[in-house]
Amino acid sequence: MAEPRLAVRRRSCPPSDRKRRRPSGKPGDVCSPVALKTPSSGGEGPPTEIPCSNDSEEDMFGDYDGFYGNDSLLEQVDDTEHKYLQDKNLAIKAAGDITLGNLQSGVHQKKQDNFSTLENMVALKADKEDAIQMNENDSMDSNQELTESILADLPSSQLLYLEKMDEVSSVSRISAASERRNNCMNSSSDKVRSLSSFCPDADHRNRPATIASDSKCDLCKTESLKDHLKSAMTGNAKAQLLQVSRTKQLREAALSEEICIAKKTIESSSVDIGPFYGLPSKVKELLRQFRGIETLYEWQHDCLMLEPLQQRKNLIYSLPTSGGKTLVAEILMLQELLCRQKDVLMILPYVALVQEKVRGLSSFGLELGFLVEEYAGSKGRFPPIKRRLKKSLYVATIEKGHALVNALIESERMGDLGLVVVDELHMLGEGSRGAALEMTLAKILYTSKSTQIIGMSATLSNVGDLQKFLQAEYYTNNFRPVELKEYVKIGDTIYEVDSKTGEGFTFSRLLNFKYSSNLEKADPDHIIALVTEVIPKYSCLVFCPTKKNCENVSLMVSKYLKIEFRAHREKEKQDLIKNLKSIGNGSVCPVLKQTIPFGIAYHHSGLTNDERKTIEEAYSAGILCLLACTATLAAGVNLPARRVILRAPYVASDFLKKNQYKQMIGRAGRAGIDSAGESILIVQEKDKHLVWDLVNSPLENCYSHLLLELTKGIQSLLLSLVGLKIAVTQEECNNFLCRTLLGVQQQLLLKEKSLSEIIKDGLENLIEKGLLKGRMSEKDHNSQSALTITPLGRATYKGSVDLAYCNLLYRELKKGLEGLVLETNLHLLYLATPYDLTYNCSPDWMIYFRQFNQLSAAEQKVVDIVGVPESFITKKASGQAIRKNVDIAVVNRLYLTFVLYALLKETNIWSVSEKFNMSRGYVQNLLNSAASFASCVLRFCEELEEFWVYKALLTELTKQLTYCVKMELIPLMEVAGVLEARAKQLYNAGYKTLAHLANANPEAMIRMIEHLSRRQAKQIVSSAKMLLSEKAEALQEEAEELLKVPTDIPGTY
Ligand SMILES: Nc1ncnc2c1ncn2[C@@H]1O[C@H](COP(=O)(O)OP(=O)(O)OP(=O)(O)O)[C@@H](O)[C@H]1O
Ligand SMILES: [Mg+2]
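Residues numbered from 1 in each chain as written. Chains lettered and ligands numbered in written order. Predicted model: local features only at pLDDT ≥ 70, side-chain atom pairs only at ≥ 80, totals over all residues. Heavy atoms only, no water.

1. Digging into the packing of aromatic side chains
In step 1: The full count for this structure, using the stated rule, is 23 aromatic pairs.
In step 2: Considering the side-chain rings of Phe-513 and Tyr-515, the 5.1 Å spacing of their centres and the 70° angle between planes classify their relative orientation as edge-to-face.
In step 3: Under the relative-accessibility criterion, Phe-513 is labelled partly exposed at 36%.
In step 4: Between Tyr-810 and Phe-947, the aromatic rings sit 5.5 Å apart at their centres with planes inclined by 55°, giving tilted as the arrangement. (Phe/Tyr/Trp six-rings, centres within 6.5 Å; stacked < 30°, edge-to-face > 60°. Buried < 20%, exposed > 50% of the residue type's maximum accessible area, 1.4 Å probe, protein only.)

2. Here we look at the site of ligand 1
In step 1: Within the structure, ligand 1 sits among 19 residues, and Thr-295, Ser-322, Lys-325, Thr-326 and Arg-670 are positioned closest to it.
In step 2: Contacts to ligand 1 include Tyr-297, whose side-chain N or O atom sits 3.3 Å from a nitrogen atom.
In step 3: One nitrogen or oxygen atom from the side chain of Arg-667 is found 3.0 Å from an oxygen atom belonging to ligand 1.
In step 4: For ligand 1, whose accessible area on its own is 630 Å², the fraction buried by protein is 87%.
In step 5: When the residues that make up the shell around ligand 1 are grouped by side-chain class, the tally is 6 nonpolar, 9 polar and 4 charged. (Near = heavy atom within 4 Å. Polar contact = N/O pair within 3.5 Å; in protein donor to acceptor, adjacent residues only side chain to side chain. Areas by Shrake-Rupley, 256 points an atom, 1.4 Å probe, with all protein chains shown as cover. Nonpolar A, V, L, I, M, F, W, Y, C, P; charged D, E, K, R; others polar.)

3. Here we look at the pattern of salt bridges
When the charged atoms of two side chains lie near each other, side chains of opposite charge can form a pair.
In step 1: A complete count under the given rule lists 40 salt bridges for this structure.
In step 2: The partner of Arg-643 in a salt bridge is Glu-533, and the shortest N-O contact between them spans 2.7 Å. Here the residue Arg-643 occupies a position in strand β14 (residues 643–646), and Glu-533 occupies one in the loop between α25 (527–532) and β11 (540–543), the gap between them amounting to 110 residues.
In step 3: Residue classification places Arg-643 among the buried residues on the basis of a relative accessible area of 4%.
In step 4: Between Asp-674 and Arg-642 there is a salt bridge, with its nearest N and O atoms 4.0 Å apart. Here Asp-674, found in the loop between α31 (658–665) and β17 (677–683), pairs with Arg-642, found in the loop between β13 (626–629) and β14; they are 32 residues apart in sequence, far enough to count as distant. Take Asp-674 and Arg-642: they sit in the same class, and that class is buried.
In step 5: A single network of salt bridges, built from pairs that share partners, joins Glu-373, Arg-381, Arg-387 and Glu-1030. (Salt bridge = Lys/Arg side-chain N within 4 Å of Asp/Glu carboxyl O. Helix = DSSP H or I, 4+ residues; strand = E, 2+ residues; numbered from the N terminus.)

4. Quick look at the nonpolar core
In step 1: Residues Leu-441, Leu-737, Tyr-848, Val-868 and Leu-961 are the most contacted members of the largest nonpolar core, which totals 129 residues.
In step 2: Ranked by size, the runner-up nonpolar core spans 73 residues in total, among them Leu-519, Cys-589, Ala-601 and Ile-665. (Core = buried A, V, L, I, M, F, W, Y, C linked by side-chain atoms within 4.5 Å.)

5. Focus: α31
In step 1: Taking burial as the measure, the 8 residues of α31 include 6 buried ones, the bulk of the element.
In step 2: Of all the positions in α31, only Lys-658, Asn-659, Tyr-661, Gln-663, Met-664 and Ile-665 are classed as buried.

6. Overview of a nonpolar patch on the surface
In step 1: A contiguous nonpolar patch, built from Leu-817, Trp-948 and Val-949 and spanning about 300 Å² of accessible area, is present on the exposed surface.
In step 2: We classify Trp-948 as exposed; its relative accessible area is 60%. (Patch = residues over 30% accessible without salt bridge, like charges linked within 9 Å, V, L, I, M, F, W, Y side chains within 5 Å.)

What follows is the structure, encoded as structure tokens:
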């Protein structure tokens, strides 16, 4: 019976059509609904067509007698399956084992119980009922389409089997659908792996519903993958008994195709490789082990089960701070890496957050067999190394994420990127980084239909605009695992923030604390009264408007705290000071020295990276109980804080924005760290009305910054669009820009000029600057003449160089070619000194003069070449009038170069900051920026042949600036999160290489290294392992590439 149907199906799809519809050879593609919707979009592998000389099915599968008993084939299949399992170290469970984990069913059961309350909490944009109805149909349709596509490409053996399974699964689907419509959610798990198991969506969709377990389902649930194939082949072999035998050649062709399909089937089955949201149970185990997460929150489960997600639609989700947003994104990333076998990009706003994430996910990567690659500061390779075996999770800052996407587009590898996750999506509305994020996302949307985008934030307002821009669905929920109580203190009265009352506040209590007159003068806002209600037992963060204020508050509080506070964890606090002293090469900040004995420290950008990390670790461990900090600790950070105090409703001199307020108070009561959380905003009587507005107003809207950041925004975008050939005519640029957030908000944001006028002006400007070539028509705003990028233009966008400086950089590099002084690295350092810091730099002329006097002849020559006359510095230092016309930007830049020069020589931030009378935080920031800019200049030079000589020089310089330590520590500091102080400790304890760290025993490490927790030791070892394996794989891949026999050797066929 099956045969005629089989033949009809195959004939109904002509070879050309089949070719078009054939998914790529990659397993994920086979089942990707997106790939099905857009069959011609990227990533299509070479079609493995059945020989077309004969289009009869009989010919394809004639005489499989031998095949029926062909153990070697089954062995091959077995081997492939076995190897696959071994490679991935993942258990592909037999269908019979497929039960939803306790976790999932537990959550699900809970969902039943709380069904009505849940409905109130969850606000999916679309009407829920309608959505279910609609999605149900969608799912049926896409299943149908999917099935047909698979069938079109499978040989008859699989078809025969699948036909049979189709009957079974259609029963299942219908029953699942009808059950869901009836809202009869049952906690029992889906025990069926039917045809839908070829599609991740289908499997997920069916999970929550009970599926009627008829006998056929029971039959198939007990079949392993191997059994599936065996059965398919058996069916095929039997079918062949009816066929007429054909030539041996055809038989062999068919046989080899069968093997190929069998292998593919095994691989494609990886779309659902386990019971935990399609992932192996090991993931659940790892979450428990590494994160202490036992069960998912109900919203997390709901969100993961959303229909739009199952259909791989883009999604924005928004929940309060500490709502657990990251975990959902992480599960989706693992699905992409393990099930769909695609690379993933995770974008985070700060370098420190990227490093923390790399450390946290490395252990998952090691256990589950994927790579975690850091793209922050000067780290990251462009384009990324193409891995043959493992998939990569790129964890990147916004800037590096943008450069990575550019590189993938240029190398036509966007198809490899399955998922992009953007944490803190509200950053879209923040300055040049917002513009960079917008460009990145717009390029992904435009160039790769198969790349899914997920964005999350706690502080989103105009979601509609963002949805339109990202073509995304929206999920929101008010869930916060730890309740956060919001208070405002005016005078000594504390009010609870209660937006339901007309006032916005309700009286809570009076602050009761006896103040002496001295204390009253020192602490008129009664901060001490507020903090001593919680410390030292619990932790407290005090957000202050300025850096200086942080230091003052920490000093003031420690000065007036009772002496008993010193006794709390005294020894550890002494050790902490010792530790900070060794970090500072013998120096420790006098403020910290005074405050730390009381468990108090300040935290702002004036600390060095090492100090900042040490203080954060001590605070997390409870050794410090109070941090007076700036907004640097406001977003995404998981630190303990029973109470968050906002010392004033200001950031610097600006009144606090609602978004900032929400992020700051959101640090209180973090799940898993605190069981309660509260915030107190200290308000002066005069600001009362402003605070009322603050508390009651909605979150600020998120607006495009493409226009505000001209050279780092729209112009830079237009340049890269032409450079990457995404859009080469004015009209194409218009089309692209219409799909950006700026395009969505154009009516609101563009008052004077239309978008097409702005584009026209932008393109003309780029032509004028020599970055683009081509002609623009005078009037036509929709010109179709193609533009091309010049070498300088290409170097500019590839080096991520601000358009405001690209011509200057070119001229200076060119000048360097005429006489680069290499006796010292001062000249090279000057070329890598970031331009943007020079404008806010005000040199201390006496120090500058002193530096000048110490210059060697070679260094003096550098100064002459760059064009800073000694007479100018001398006159400045002695306060004389200056008539000479000197470029002050060059003078300032050279001053910063002197600072960097001293840093590379002395490798001691403390002594250098003293020498130049700068804060150590500023010096640290200069060093970080210079490392990053040096890597940009390097990429700039790589694109311009005439600058070939700079490549080797800048590669080395970038490395020196990135680490700025003695050479021997560099291999250790390559490991994410290992900073200089830790590297020194490790080195002195005998861990001298990356291999030492990767193979270290964490327990032994703890014994040998002071102030190292077990968790930190484990993270260092797993991050080192990850880096080592990533480096080794890269070398192996390079070797294989070298040894690959070309297919086009002349004289061979
Ligand atoms: N299901 C869970 N069970 C227990 N703890 C969880 C669960 N999900 C997340 N957490 C923990 O909750 C804490 C906060 O989660 P997360 O950092 O994801 O918050 P967030 O929503 O991103 O907040 P923010 O907007 O402030 O960044 C983390 O320590 C995380 O490990
Ligand atoms: Mg977060």
